[in-house]
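For reference, the chains in residue letters:
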Amino acid sequence: MIVKSIRTKLNLNQFRGLKRHRFTIKRRDQHLITLNKQPLINFTHNDYLALSTHPKVREAFSKAAAQYGLGSGASAVVSGYYSPHQALEEQFADFLQRDRAILFSSGYLANLGVFNALANHECTIISDKRCHTSILEGIQLSRARHYRYAHNNIDHARVLLNKAARNTLLITESVFSMEGDISPLDHLTALTQSFGTTLLVDDAHGFGILGQHGRGACEHFQLSQHDVPILIVPLGKAMGSMGAIVAGNETLIEAILQFATSYRYTTALPPAIAAGSLATLNILQQETWRREKLRSLIAFFIRESALRGLSLLSDAITPIKSILIGENHQAEAMQTYLFKQHIFVTCIRPPTVPAGTARLRISLNCMHEEKDIIRLLDAIQLNIS
């Protein structure tokens, strides 16, 4: 019976234009990929500073793999915690100007673990309407009361805080992954402090991009550890790696170490990954041209889009740029058309975004050139008009 039910669900999913596909990438060279033996300009990945393929990162990863082998072999609280893990945590705490940091195996696991460790059925959690699924599932697992405020709406967040009991957490992303807009963290900080509420920020798409030194949203808004007690930094975006750092004061990080089940019962990241991430963190601080060029490309993309009459869902200076298509099948058709133009852009459909808001999600990185952006925008304009 269950197979028949699942088959019906799969058929309905395809009929609605929601079927997902995987694309086998044969080769990746900075902003280019090879797909079906054809070279495509890649506008999909989140390696914004093109650090994952940096020669120094490759070297650090290879040396650590030769020393430690493939996997860590155990949970970090058993025997899977190696010196590269410790060094990465310490260097991140220093760079982020926080007391302490802890390394999770992924951003998803970090969001599950933080809420599992810090909240329970006696707590209230308030989140932005467009927070990532990993945040929503982490909140659900915590069994806390959960309320969502309208996207980036400070007044609505205030209404919900007025209704909340004690032991309240407020969670938001710094840069929202489907629109690229920036959360008003300065206002949220003032709001949470006035209510005595703890603010958590997932800086997945802000770290490495925002702030003078790339420290992310807190540096961008000049906020301290006191203002944002818990900062979650997934490493699969501007860091070009995998895993996630959670940083904060000694008490909160110790609580996460002791009580986060997604940390305790997961095999730790391979030490070679941590070693590669250490190299990435150093390069991020040293090669500032990468961030500067990316910001220039973002500004160029915004200007050129406006010249072509293409409306972006956000004009913030972030590398995520989305163009609304609307209907699922139309978004798929646009994706296929762009593939034929040797441009790799994927469409985003429900349930990742609300029904009727299927879109092209474009990710810029510092290895793109202005000619690549012009080629992309010209192709989109031609197909939309």
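Criteria and thresholds
Residues numbered from 1 in each chain as written. Predicted model: local features only at pLDDT ≥ 70, side-chain atom pairs only at ≥ 80, totals over all residues. Heavy atoms only, no water. Pairing = 2+ DSSP bridges. Helix = DSSP H or I, 4+ residues; strand = E, 2+ residues; numbered from the N terminus. Axes fitted to C-alpha atoms, helices over the stretch in contact; angles between N-to-C directions. Contact = heavy atoms within 4.5 Å. Right-handed = clockwise from strand over helix to strand, strands pointing away. Phe/Tyr/Trp six-rings, centres within 6.5 Å; stacked < 30°, edge-to-face > 60°. Buried < 20%, exposed > 50% of the residue type's maximum accessible area, 1.4 Å probe, protein only. Polar contact = N/O pair within 3.5 Å; in protein donor to acceptor, adjacent residues only side chain to side chain. Expected span 1.5 Å × (residues − 1). Core = buried A, V, L, I, M, F, W, Y, C linked by side-chain atoms within 4.5 Å.

Caption draft 1: Here's a closer look at the sheet that holds strand β11 (residues 320–326). The 3 strands are arranged β11-β14-β13 in an open sheet whose pairing can be described as antiparallel. Because the sheet does not close on itself, it has two edges, and the strands there are β11 and β13 (346–348). Taken pair by pair, the neighbouring strands of this sheet meet at an average axis angle of 35°, ignoring direction. Docked against the sheet, helix α13 (residues 328–340) engages β11, β13 and β14 (358–363), running at close to 35° with respect to β14.

Caption draft 2: Just the pairing of strand β6 (residues 145–149), in detail. Where strand β5 (residues 124–128) lies against β6, 5 bridges are found, and the strand directions are parallel. Residue pairing across strands places I125 opposite H146, the latter belonging to β6. In this view, the connection linking β5 to its parallel neighbour β6 by way of helix α5 (residues 133–142) has right-handed handedness.

Caption draft 3: Representation of the packing of aromatic side chains within the structure. For the structure on display, the rule yields 7 aromatic pairs. Aromatic pair F23 and F339: ring centres 5.3 Å apart, planes at 85°, arrangement edge-to-face. Taken together, the residues F23 in the loop between α1 (2–15) and β1 (27–29) and F339 in helix α13 connect sequence positions 316 residues apart. Overall, F339 belongs to the buried group, its relative accessible area being 18%. On the basis of an interplanar angle of 90° and a centroid distance of 6.0 Å, the ring pair of F95 and F207 is categorised as edge-to-face. Of this pair, F95 sits in helix α3 (residues 83–95) while F207 sits in the loop between β8 (198–202) and α8 (217–220), and the two are 112 residues apart along the sequence. Assessed through its relative accessible area of 1%, F207 is described here as buried.

Caption draft 4: Representation of the side chain of N42. Along the polypeptide, N42 turns up in strand β3 (residues 38–42). Residue N42 is classed as buried on the basis of its relative accessible area, which comes to 4%. The contact partners of N42, leaving out residues within four places of it in the chain, are H31, I33, F344, N365 and H368.

Caption draft 5: Structural context of the environment of P229. Inspection of the secondary structure assignment puts P229 in the loop between α8 and β9 (230–234). Residues P229 and G326, spaced 97 residues apart in sequence, show a C-alpha to C-alpha distance of 38 Å. If sequence neighbours within four positions are ignored, P229 has contacts with R98, T198, L199, A247, G248, N249 and L252.

Caption draft 6: The environment of E327, seen in detail. For E327, the position within the fold is in the loop between β11 and α13. What makes E327 partly exposed here is its relative accessible area of 35%. Sequence separation between E327 and R349 is 22 residues, and the spatial gap between their C-alpha atoms is 8.6 Å. At 2.8 Å, the side chain of E327 forms a polar contact with the backbone nitrogen of Q330.

Caption draft 7: Layout of the sheet that holds β3. A sheet is described by the order of its strands in space; here 4 strands give the open sequence β1-β2-β3-β12, paired in mixed fashion. In the strand order of this sheet, the two ends are held by β1 and β12 (343–344), each with one partner. Examined bridge by bridge, strand β2 (residues 32–35) and β3 share 4 bridges and lie antiparallel to one another. Bridged to L35 within β3 is Q38.

Caption draft 8: Just helix α4 (residues 107–118), in detail. Helix length check: α4, at 12 residues, gives a terminal C-alpha distance of 17 Å against a target of 16 Å (1.5 Å per residue), a fit within 8%. Residues of α4 that are buried: G107, A110, N111, L112, G113, V114, F115 and A117.

Caption draft 9: Examining the nonpolar core more closely. Among the nonpolar cores identified, the biggest contains 79 residues, and F43, F92, F207, I245, L338, I362 and I380 are the most heavily contacted of them. Looking at which element gives the most residues to this core, the answer is helix α11 (residues 271–286), with 7 residues. Residues contacting L338, with those up to four places away along its chain left out, are I343, V345, L360, A379 and I380. In this structure, I135, L200, I232 and A260 belong to the second largest nonpolar core, which totals 27 residues.

Geometric descriptors of this kind do not, in isolation, establish any biological role.
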